[in-house]
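Each chain, letter by letter, is given below.
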Amino acid sequence: MNEYQSLKQNNSSGATNFDIFPKTFEGKPDHSVDGSEQRLPDFLIKWANYFDKFRLFLYLALKGRSLNRPYYAHYQITRRCNFRCGSCQTWQDKTFHKGLSLDEMRIAARNFRKIGVKCLALSGGEALLRKDIVEVVRVFRSAGLIVRLQTNGYLLTEDLLERLFRAGVADIYISLDSLDQQVFNLINGIERSDAFDRVLNSIKAAAKVSRRYGSGVFLTTVLRNHNVKEVEGLYKFAKDLGVLVGFYGIEIPPSDSQLNIRSSDPGQVPSREDRIELKKVFRRLIALREKSNTALSVSKKLLEDFRDFFDGPEGDMHWNCNAGDMYVELVPDGSISVCNATSPIDGLTYETLPEFYDSAARDGIFKQKRQSCDGCICTRQLEYITTDFSDLTGKAYAYILSLIRRTRL
Ligand SMILES: C[S@@+](CC[C@H](N)C(=O)[O-])C[C@H]1O[C@@H](n2cnc3c(N)ncnc32)[C@H](O)[C@@H]1O
Ligand code: SF4
Ligand code: SF4
């Protein structure tokens with residue numbers, strides 16, 4: 001029995017720690033169960049962080065154009081979520097896969113490194129529902145990966161932030177779609193009165209705590225008819241806190257794919273009038289991006305894509321991507337897809353990644369997957385920074401500015 005088979009057996013016998021999700025929305029996972037704490041002094045963590053980012057910058061600048069191995073992996077740790085956003089369907093996934101164990105993740109981390117991955121985004125669903133999230137971060141960080149965390153922010157506390165940064169989170173991405181509590185609740189599909197305040201407090205805590213660790217804080221806002229008028233307010237909120245904000249347009253796939261993390265609910269599709277407003281707002285954002293002291297994390301090129309998307313034929317998001325070659329997706333049951341909007345590749349899992357990347361069949365399979373998808377927009381940013389030097393430098397510059405801004409607060 002190989003290492004993977006024995007882990008699977010432990011998994012099915014319940015011997016590993018999988019009981020990790022709260023049973024209800026009320027439930028709060030106990031994040032204090034992680035093992036040994038990172039005892040490195042804060043300034044060392046900070047400088048290691050800067051060094052890693054500099055190395056990634058050099059790597060993308062020098063090798064980006066000739067990449068044929070993924071530099072980036074996105075990991076949906078779970079499809080469960082404590083929010084119910086109408087634009088997203090991860091929380092509707094009824095498979096309830098309990099996710100990989102830490103030992104399985106160690107194999108995944110090793111194999112990601114083997115195929116060339118430098119940077120890993122931990123996402124979901126809601127990644128913080130996993131009570132051993134600090135340990136999860138440590139697993140990928142100790143394999144030498146730059147670890148990003150994407151969260152809705154509801155479960156983030158100052159204490160958890162400290163432990164996440166100490167365990168090796170390089171950057172944290174927090175979704176924030178509105179500064180109006182009613183709109184926030186509507187978009188996120190929640191009724192709880194405390195959610196809005198908790199998320200705002202998490203963002204403020206992240207802006208503060210991250211300073212000690214040289215970590216980036218990015219707000220993620222998906223624009224649609226409900227919040228299209230809030231762009232300037234959200235931008236000011238981010239800038240005042242010294243964090244970056246990325247504005248994206250809502251993406252709705254035309255078909256009802258169960259595997260696309262975006263929902264194809266027709267109620268979410270922007271109307272003709274909404275599209276006109278969205279186009280205008282992306283034009284304003286392009287002008288804002290051109291200013292030297294910007295707090296925008298998205299590049300001009302991506303903003304132009306969103307502008308053109310809302311200006312062009314309804315719903316067409318197709319483009320010529322390099323999914324699989326430049327980035328790759330790990331899903332909760334351990335399967336691998338080329339991106340978060342396509343179905344897993346038959347028989348490919350985190351444990352067979354290195355052989356697969358060396359096999360001759362790979363190109364044909366990637367091609368087939370890319371042809372079967374509904375297209376996307378926000379994933380394009382993963383390619384733009386590898387092929388367009390001004391995209392990469394523009395992002396690096398905005399990032400450095402945000403670090404300086406936060407240091408001064
Ligand atoms: C799927 S969520 C997972 C991480 C975490 N639960 C969160 O909300 O940040 C990742 C991001 O996708 C965005 N998203 C959800 N539905 C979308 C859609 N239809 N189009 C574009 N982005 C979407 C969310 O707003 C969030 O910023
Ligand atoms: S967008 Fe994030 S917070 Fe909203 S339902 Fe999807 S996974 Fe949950
Ligand atoms: S174009 Fe299709 S295959 Fe390529 S990244 Fe987007 S959704 Fe994935």
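Above this note sits the structure.
What you see as residue numbers is a count from 1 along each chain, following the sequence as written. For naming, the first written chain is A and the first written ligand is 1, with later ones following in the order written. Reporting of local features is limited, given that this is a predicted model, to residues whose pLDDT is at least 70; pairs of side-chain atoms are given and counted only at 80 or more, and all residues count toward the totals for whole chains, interfaces and linings.

Every residue close to ligand 3 is listed here: W319, C321, A323, V338, C339, A341, T342, R370, C373, G375, C376 and T379. Asp, Glu, Lys and Arg are counted as charged, while Ala, Val, Leu, Ile, Met, Phe, Trp, Tyr, Cys and Pro are counted as nonpolar; the rest, among them Gly, fall into the polar class. A breakdown of the residues in the shell around ligand 3 according to their chemical character gives 8 nonpolar, 3 polar and 1 charged. In this text, near has one meaning. A residue is near a molecule or strand if its C-beta atom, placed using the backbone, is within 6 Å of it.

Take the site of ligand 2 next. In the vicinity of ligand 2, the contacting residues are C81, F83, R84, C85, C88, T90, W91, G124, G125, E126, N152 and N188. The class makeup of the residues in the shell around ligand 2 is 5 nonpolar, 5 polar and 2 charged.

Counting residues in hydrophobic clusters, the biggest one holds 108 residues, and the most contacted among them are L120, L122, V137, L145 and V147. Numbering goes from the N terminus for both helices and strands, where a helix is a DSSP run of H or I of at least four residues and a strand is a run of E of at least two. The element that contributes the greatest number of residues to this core is helix α7 (residues 195-213), accounting for 8 residues. By definition, residue pairs are in contact when their C-beta atoms, positioned from the backbone, come within 7 Å. If we skip the residues at most four places from it in the chain, L145 touches A109, F112, R113, V117, K118, C119, L120 and F140. In this usage, the nonpolar core is the set of buried Ala, Val, Leu, Ile, Met, Phe, Trp, Tyr and Cys residues whose C-beta atoms join them within 7 Å. Whether a residue is buried, exposed or partly exposed is read from the other C-beta atoms within 10 Å of its own C-beta, which are placed from the backbone; 20 or more gives buried, 12 or fewer gives exposed, and intermediate counts give partly exposed.

A few words on the sheet that holds strand β8 (residues 336-337). Taken in spatial order, the 8 strands of this open sheet run β6-β5-β4-β3-β2-β1-β7-β8, and their pairing is mixed. If you trace the sheet from one side to the other, it starts and ends with β6 (244-249) and β8, each paired once. Note: strand β1 (residues 72-76) against strand β7 (residues 327-330), 4 bridges, orientation parallel. Among the inter-strand pairings, H74 is bridged to a residue of β7, identified as E329. Docked against the sheet, helix α8 (residues 231-241) engages β5 (216-223) and β6, running at close to 155° with respect to β6. Think of it this way: DSSP has to see at least two bridges between two strands before they count as a pair. To get an axis, fit a line to the C-alpha atoms, keeping to the stretch in contact for a helix; angles then go from 0 to 180 degrees between the N-to-C directions.

The terminal C-alpha atoms of helix α2 (residues 42-63), which comprises 22 residues, lie 31 Å apart, in line with the 32 Å expected from a rise of 1.5 Å per residue. Looking only at α2, the buried set comprises N49, D52, K53 and L60. Seen end-on, α2 carries its buried residues on one side only, within an arc spanning 95°. Residues of α2 that are exposed and angled more than 90 degrees away from the buried face: F43, L44, W47, F51, F54, R55, L58 and L62. Tucked into the core, α2 has its buried residues touching β3 (146-151), β4 (169-175), α7, α13 (380-387) and α14 (389-408). Working rule for helices: expected span equals 1.5 Å times residues minus one. Here the arc refers to the directions that run from the helix axis out to each C-beta atom.

This paragraph deals with the pairing of β5. Of all 8 residues in β5, 8 are buried; the element is thus mostly enclosed. Going residue by residue along β5, you find G216, F218, T220 and V222 tucked away on one face and V217, L219, T221 and L223 tucked away on the opposite face as well. Here 5 bridges tie β4 to β5, and the two strands are oriented parallel to one another. By the bridge assignment, S175 is partnered in β5 with T220. Direction of pairing for β5 relative to β6: parallel, over a ladder of 6 bridges. Counterpart to V222 in the pairing with β6 is Y248. By convention a crossover is right-handed if, when the strands point away from the viewer, the path from the first strand over the helix to the second runs clockwise. With α8 bridging β5 and its parallel neighbour β6, the resulting β-α-β unit is right-handed.

With their axes 8 Å apart at the nearest point, helix α9 (residues 272-289) and helix α10 (residues 300-311) run at an angle of 160° to one another. Comparing the axis directions of α9 and α10 gives the class roughly antiparallel. In this structure, α9 meets α10 at a crossing whose hand is left-handed. Where α9 abuts α10, its residues R275, L278, K279, F282, R283, L285, I286 and R289 lie against K300, L303, E304, F306, R307, F310 and D311. Its residues assigned to classes, the contact of α9 with α10 comprises 7 nonpolar, no polar and 8 charged. Should an angle lie under 35 degrees it is considered roughly parallel, over 145 roughly antiparallel, and from 65 to 115 roughly perpendicular; all remaining angles are considered oblique. By convention the crossing between two helices is left-handed if the near helix lies anticlockwise of the far one by an angle smaller than a right angle, and right-handed if it lies clockwise.

Keep in mind these numbers describe shape, not what the thing actually does.
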